[in-house]
Amino acid sequence: MLITCADSLPMNPTKTTYTPADVEAKWYQRWQEQGFFKARPNPKKTPYTVVIPPPNVTGVLHMGHMLNNTIQDVLVRRARMLGQEACWVPGTDHASIATEAKVVALLKEQGIEKKDLTREAFLEHAFAWKDKYGGIILEQLKQLGASCDWDRTRFTMEPKLTEAVLRVFVDLYRKGLIYRGVRMVNWDPLGGTAISDEEMIPKDVMAKMYYLNYEVVGQPGRFLTVATSRPETIMADVAVAVNPTDERFRGLAGQRVRIPLLGREIPVIQDEYVLTDFGTGALKVTPAHDLNDYNLGLKHNLPIIDILNDDGTLNEKAELYVGQDRFAARRNIVKDLEAAGLLVKVEEYASIVQTSERTKAVIEPKLSMQWFMKMEHLAKPALEVVENDTIRLYPAKFKNTYRVWMENVRDWCISRQLWWGQQIPAYYLPDGSFVVALTASEALELAREQSGNNELKISDLRQEEDVLDTWFSSWLWPISVFDGFADPDNADINYFYPTSDLVTGPDILFFWVARMIMAGLEFRQEVPFRNVYFTGIVRDTQGRKMSKQLGNSPDPLDLIAQFGADAVRTGMLFSAPAGNDLLYDEKLVEQGRNFANKLWNAFRLVKGWEADAALPFAHDKPVAWFGARLAAAVAEIDDHFAKFRISDALLAVYKLVWDDFCALYLEMVKPAYQQPIDAETLRHTTAYFEALLKLLHPFMPFITEELWHELGPRGPRDYVTVAPWPKPGAPADGAALLAGMDKALAVVAGVRAVRNQKNLGPNKPLALVAKSDEPALLAAYEGILRKLGGLEDLTFADAGPAGAVSFVLGGSEFFIPLEGHIDVAAERARLEKELAYAQGFRDSVQKKLGNEKFAQNAKPDVLAREQQKLADAETKITALEQALKGV
RNA sequence: GGGAGAUUAGCUCAGCUGGUUCAGAGCAUCUGCCUUACAAGCAGAGGGUCACUGGUUCGAACCCAGUAUCUCCCA
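Predicted model only: the values in this text are computed from it and were never measured.

Okay, the protein's contact with RNA strand B next. The environment of RNA strand B is formed by 44 residues, the closest being Arg410, Ser575, Arg604, Tyr673 and Tyr837. Taking all atoms of RNA strand B within 4 Å of the protein, the share assigned to sugar and phosphate is 59%. The contact in question runs from a sugar or linking oxygen of RNA strand B to an N or O atom on the side chain of Gln591, over 3.0 Å. Interatomic distance of 2.7 Å between a side-chain N/O atom of Lys598 and a phosphate oxygen of RNA strand B. Looking at the surface near RNA strand B, the elements that each hand over two or more residues are α10 (398-407), α18 (586-607), α20 (646-669), α23 (734-757), α27 (852-857) and α28 (860-886). Among the elements that take part in the surface near RNA strand B, α18 stands out by supplying 9 residues, more than any other. Here the residues of the surface near RNA strand B sort into 16 nonpolar, 14 polar and 14 charged.

Moving on, we get to the packing of aromatic side chains. The description of an aromatic ring pair rests on the distance of the ring centres and on the angle between the ring planes. Counted according to the given criterion, the structure contains 43 aromatic pairs. Here the aromatic rings of Trp371 and Phe434 are separated by 5.3 Å at their centres, their planes lie at 75°, and the arrangement is edge-to-face. Of this pair, Trp371 sits in strand β14 (residues 364-373) while Phe434 is found in strand β19 (residues 434-436), placing the two residues 63 residues apart along the sequence. In this pair, the class of Trp371 matches that of Phe434, namely buried. For the ring pair Phe595 and Tyr654, a centre distance of 4.7 Å and an interplane angle of 55° mean the geometry is tilted. Here Phe595 is found in helix α18, whereas its partner Tyr654 is found in helix α20, with 59 residues between them in sequence. Look at Phe595 and you get buried, because its relative accessible area is 0%.

Those residues of helix α5 (residues 136-144) that sit buried are Ile137, Leu138, Gln140, Leu141, Lys142 and Leu144. Buried residues along α5 sit in contact with α1 (24-34), α2 (63-81), β3 (91-92), α16 (556-563), α17 (565-574) and α22 (701-711). Of the residues one or two after α5, Gly145 is the one with positive phi, at around 100°.

Moving on: the nonpolar core. The biggest cluster of nonpolar side chains holds 190 residues, and the ones touching the most others in it are Phe472 and Trp475. Take this core: its biggest share by element is 15 residues, from α20. Ignoring any residue separated from it by four or fewer positions in sequence, one finds Phe472 in contact with Val165, Val168, Phe169, Leu172, Ile178, Met373, Trp412 and Ile414. Ranked by size, the runner-up nonpolar core spans 39 residues in total, among them Ile269, Ile305, Leu308 and Ala318.

Rules behind the numbers
- Residues numbered from 1 in each chain as written.
- Chains lettered and ligands numbered in written order.
- Predicted model: local features only at pLDDT ≥ 70, side-chain atom pairs only at ≥ 80, totals over all residues.
- Heavy atoms only, no water.
- Near = heavy atom within 4 Å.
- Polar contact = N/O pair within 3.5 Å; in protein donor to acceptor, adjacent residues only side chain to side chain.
- Helix = DSSP H or I, 4+ residues; strand = E, 2+ residues; numbered from the N terminus.
- Nonpolar A, V, L, I, M, F, W, Y, C, P; charged D, E, K, R; others polar.
- Phe/Tyr/Trp six-rings, centres within 6.5 Å; stacked < 30°, edge-to-face > 60°.
- Buried < 20%, exposed > 50% of the residue type's maximum accessible area, 1.4 Å probe, protein only.
- Contact = heavy atoms within 4.5 Å.
- Core = buried A, V, L, I, M, F, W, Y, C linked by side-chain atoms within 4.5 Å.

Here is the structure:
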């Protein structure tokens, strides 16, 4: 009788290599047709929710996305198989500064300058561009196999999410948590906006240090030399500071000095902040243009003179070089200082300047009027939920980082001087005061109330030009994707929130993760997620970050085309422990491809078997053993998942498939060429194969789905994607089965080692004589010993035959008669070495057991183990001594 | 300058409560095999003073102190 595994074979099972390109698109389409990725509130199931860290709407897939989304997909697919209602919400981020910079650059190519456009016209261009190129990245994720519920795709700037942002802004403003204030910000003069710290790129440069002479007032000819890298800012100086302990400036404190060229008098102040060994030890204080100086100015109550315009040119307060760009002014003032004899010297030194990630402009620390959010009130509960493990961070070391940041949290500058983003819903009255409201008409009402002027019209109000920081929409993401602001009691949010796991990079722990926690607690009184898994940064084999400039970043789509999505996914995961950077190496992807190929060939083998119903069940031992092995592996894999050890889980499946199933189990049950197999064994083998496909599916969704359908006839909705995850239930005698097989396999390994040592080749039939202390056990595994060891004969005896190679396992001796291959001296030497080793081991255990304090202090189970070790060592020594006598 | 973390095989990393294992995995390396599923493969082997110096302990990769080097975060 013939048991067929599948009705049709779209793939050619005679081909020895698996070709992923033939099947991947097909299965992704089928999954979508079947609606497997769609999630709906279902009270009978436990929800499992993941919100994607939304990539930039105009971005394209890079290696970091590959890693991050592979991990999410593994978690989501496994949850789905565990019978949970798995909901993975995809979407994109409007990424205000990045996208605006791209649109500005694009318009420039078309000869259009942003400044010549109205806000409305610019946004029209931006939306047109977003509609054309936006969301490409989501299509790319499908090629990776990402099982997102695409019907739920959101965009942080779509109307509903924008409404959520505005509601939150108004709410927090009314709670008194949002205010306007003047602060030192990172100003991008080219982009004309404040940017956040993470949007700056530090650049190593060789800068010049200029030594300038400030004349001491009332002491003509006496100068105080000050070192500065920014001579063009001396017009904004308000003091010169020295360290109070610095002997060189004794007596100068309280004196006044004259700013070079300008002649304005400023005081000399003392502060410990000043480093005595940097520059000349005298520091010019320019509060408007340096953050440290600003703080120094606050401390000493100094005035602030801001000499720069928003575009980086000098304003009239500078008095000199007005209208010139800061760098032109620098060149000119150096010339003039030199001419005036006030420039002592110029030194080169290595320095770091901050530049804008988008416009590349050198960042200017600048005082400006911005919108801020108070963080203290929000940070406190957000810290607590991480401290008390309501939210767990993986790896846990990030708890420390999180704590330090949350305890020193500073107010959040939420305004950006851009157009692409959510415009701040504040409306200025003609008198300069303002109101905050969701809509213009509400604003008008408030404005009339506030001003007492009922004649005010909407056209009298001027809406704030600034937009909100992108993170001000992404911090609401886990709530807003379920419309939790507009409709706080809807079925989706009640069911899917809080989400389960968040997978993201540690670089946005503060900007995103911490703020989502705050938002969750503030607006829903509930954490946004239970676990946060931090991935590492993908680097090249030399440890460098992937970057376009270095050209060290492969195109993920090329990789998928070349190796298959499954191979790329496993390649990323093979070496990606949580929080550790991943050194990407194409070899890992090759390893993934090889693994897919291994699986494919195992399938080809099993597929080729024909069952003969007349044959008796011949492989009860292998079948029982692999059942136990599988159960143990499932338990181990589940444990790895519970601890978010994703790459360990993968490695465990990898070894189960490759070593246990292919190298051992299949070799044990494999019939001789073109011989039939008994039906019972084939039935078990097929069931095991299916279990392996299930365990592998989260990691390698495509090949497992393909083989699932090849392996047996399937109903219309019978897909491994929705198959139940294997249960770990181990058979009662599992431990004994595993231990027994280990002993048998040790004998096989011994025989194979002899084969290799004696250069016998895999085919030469050998005879094995066993002087075993467990003959019954070995007899039970005789079939396996013969097959895997290539034995033509297995006999039990009390003594070894002459002219045999021997090896010792535990208390048993094994002999392989090999006339003509025996080198007596070498045999003796080998056994003696082994004996000496065993004796040394015994002695050390004996010594430990003989130590009174050990006997007193060690736990009973430790003591018992040591005694067992001693007994085992004694047995082995006896057997070795016997073997030596026989040589 | 302040803080956090790391250092285990050639590489990337595990190693849980100090004792199952006189230190484990994957990859790489070496040797031998084109053995009727797979050379993208099979069988076997070698490879470590657990950064260094002390300390605690019957016992330390693990706990403590110091040193060195590296990484990240904050300023």
